[in-house]
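# Structural overview
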Amino acid sequence: MFIPKWLLAIGFVAFVALATWTWLLASGRNPLPFPDGGSRIFAAASPEARAAIVEVLARNGLQARFRVDTGGVQRSILFDGTIINWSAPGMTRRLRGATSAIGLVADDPLAQAEDAAAVLRSHGFSADVVQDGEPGMPVVFVLTDAMPGTVLNFRRHVIHMPRPAKPPSR
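Residues numbered from 1 in each chain as written. Predicted model: local features only at pLDDT ≥ 70, side-chain atom pairs only at ≥ 80, totals over all residues. Heavy atoms only, no water.

## Let's talk about the pattern of salt bridges
Definition in use: By definition, a salt bridge exists where a carboxyl oxygen of Asp or Glu is found within 4 Å of a side-chain nitrogen of Lys or Arg. For helices the rule is a DSSP run of H or I covering at least 4 residues; for strands it is a run of E covering at least 2, with both sets numbered from the N terminus onward. Three labels apply to residues, based on accessible area from a 1.4 Å probe with only protein chains included: buried if under 20% of the type maximum, exposed if over 50%, partly exposed otherwise in between.
Throughout the structure, instances matching the rule amount to 3 salt bridges. R96 serves as the salt-bridge partner of D128, at 2.7 Å between the closest nitrogen and oxygen. Here D128, found in strand 6 (residues 127-131), pairs with R96, found in the loop between helix 3 (89-94) and strand 5 (100-105); they are 32 residues apart in sequence, far enough to count as distant. The class for D128 is partly exposed, based on a relative accessible area of 31%.

Right under this line is the structure:
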């Protein structure tokens, strides 16, 4: 049976690509934006503290994937969806002192944030929806006394978020 060399080459390349992706998935370094399970966001005390925490996590197997910094937040996004943030004081004030968050993926962030706020209120907690809490990021926050110091944030899938800026060179 004759098999063209070009077909063998395509099969070999596909096999290597699949094997590489499988290895990256197994090692916790999925190069694709799927699945997007949201994020868990933890606060660092300063920009230097954020860098130190990211280094500690990397030394223990939890690698940084990329940085997404805005005017009010420096953020390191890790391969498992964990985010280590340092928020400028103005950003923290807009969120009433909350520094950590549970990030949820939403088709309609505003509607789902309003629904979450309604559920929290129905259980006797305060809940306020804040749009534009972080200028430049299309994220809607729910501030609630059900989780002191923590907010819920609703955002679109990562493929619909703004492209991260290149990190500053060192």
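Structure shown, so let's carry the discussion forward.
## Examining the confidence of the model for the protein chain
Note the cut-off: Residue-level confidence of the predictor, termed pLDDT, takes values from 0 up to 100.
The share of residues in the protein chain with pLDDT of 70 or more is 89%, and the mean pLDDT across the chain is 86. Confidence, read as mean pLDDT per element, is least for helix 3 in the protein chain (85) and greatest for helix 4 (residues 109-122) (96).

## A short note on helix 4
Note the cut-off: Take the number of residues in a helix, subtract one, and multiply by 1.5 Å to get its expected span. As used here, the arc is the angular range of directions from the helix axis to the C-beta atoms. Residue contacts are counted whenever heavy atoms from the two residues lie within 4.5 Å of one another.
With 14 residues, helix 4 should reach 20 Å at 1.5 Å per residue; the first-to-last C-alpha distance of 20 Å fits that figure. When we look at burial in helix 4, the residues that qualify are P109, A113, A116, A117 and L120. Each buried residue of helix 4 sits inside an arc of 100° when the element is viewed along its axis, so together they form one side. Residues of helix 4 that are exposed and point more than 90 degrees away from the buried face comprise D115 and S122. Looking at the packing, one finds that the buried side of helix 4 touches strand 6, strand 7 (139-144) and strand 8 (150-155). Positive phi shows up at G124, right after helix 4, with a value of about 90°.

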